[in-house]
Amino acid sequence: MPQESANFIVENIHGKHDLKEVKRELDQLHGVHSVSVNTQHNLVCVDYDSSGTSYDEIENRLNKAGYEIAADASQINTR
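All of these numbers come straight from a predicted model, not from anything done at the bench. (Residues numbered from 1 in each chain as written. Predicted model: local features only at pLDDT ≥ 70, side-chain atom pairs only at ≥ 80, totals over all residues. Heavy atoms only, no water.)

## Comments concerning the pairing of strand β3 (residues 43-49)
- Most of β3 sits out of view: six of its seven residues are buried.
- In this sheet, β3 lies alongside strand β1 (residues 3-10) in antiparallel orientation, the contact comprising seven bridges. Across the sheet, A6 pairs through a bridge with V46, a residue of β3.
- The pairing of strand β2 (residues 32-38) with β3 spans six bridges and is classified as antiparallel. (Buried < 20%, exposed > 50% of the residue type's maximum accessible area, 1.4 Å probe, protein only. Helix = DSSP H or I, 4+ residues; strand = E, 2+ residues; numbered from the N terminus. Pairing = 2+ DSSP bridges.)

What follows is the structure in structure tokens.
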């Protein structure tokens, strides 16, 4: 079970509605274990099983839901 993480800076996340929408959209993907959203920093972090989904599928789901990805934030330390 290959565990991976994807981190995105997403331009248009504003408030609790967007936070819930992003989590709902990504939780529907097979293999997603957890989704955390930091609206203050426009950061979306996803832990997933790469045998069930992929970075590209997560990115595509965000785009289809209307969220514009500004950058890959994989190098950002969020802890």
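## Structural notes on unusual backbone geometry
- The backbone phi angle of N42 is positive, close to 55°, even though this residue is not glycine.
- Secondary-structure assignment places N42 in the loop between β2 and β3.

## Some details on the environment of A70
- In this fold, A70 is placed in strand β4 (residues 69-72).
- Accessibility expressed as a relative area gives 44% for A70, which makes it partly exposed.
- Taking the C-alpha atoms as reference, A70 lies 18 Å from E21; in sequence the two are 49 residues apart.
- Apart from residues no more than four positions distant in its own chain, A70 is found in contact with I9, V10 and E11. (Contact = heavy atoms within 4.5 Å.)

## Points about the sheet that holds β2
- Taken together, the four strands give an open sheet; going across it, the order is β2-β3-β1-β4, and neighbouring strands pair in antiparallel fashion. Each edge of the open sheet carries a strand with a single partner, namely β2 and β4. Across the sheet, the mean angle separating the axes of adjacent strands is 25° when strand polarity is ignored.
- Sheet analysis places β1 next to β4, joined by three bridges and oriented antiparallel. Looking at β4, one finds that I9 is bridged to A71.
- In the packing of helix α2 (residues 55-64) onto the sheet, contacts are made with β1, β3 and β4, and the angle to β1 comes to roughly 30°. (Axes fitted to C-alpha atoms, helices over the stretch in contact; angles between N-to-C directions.)

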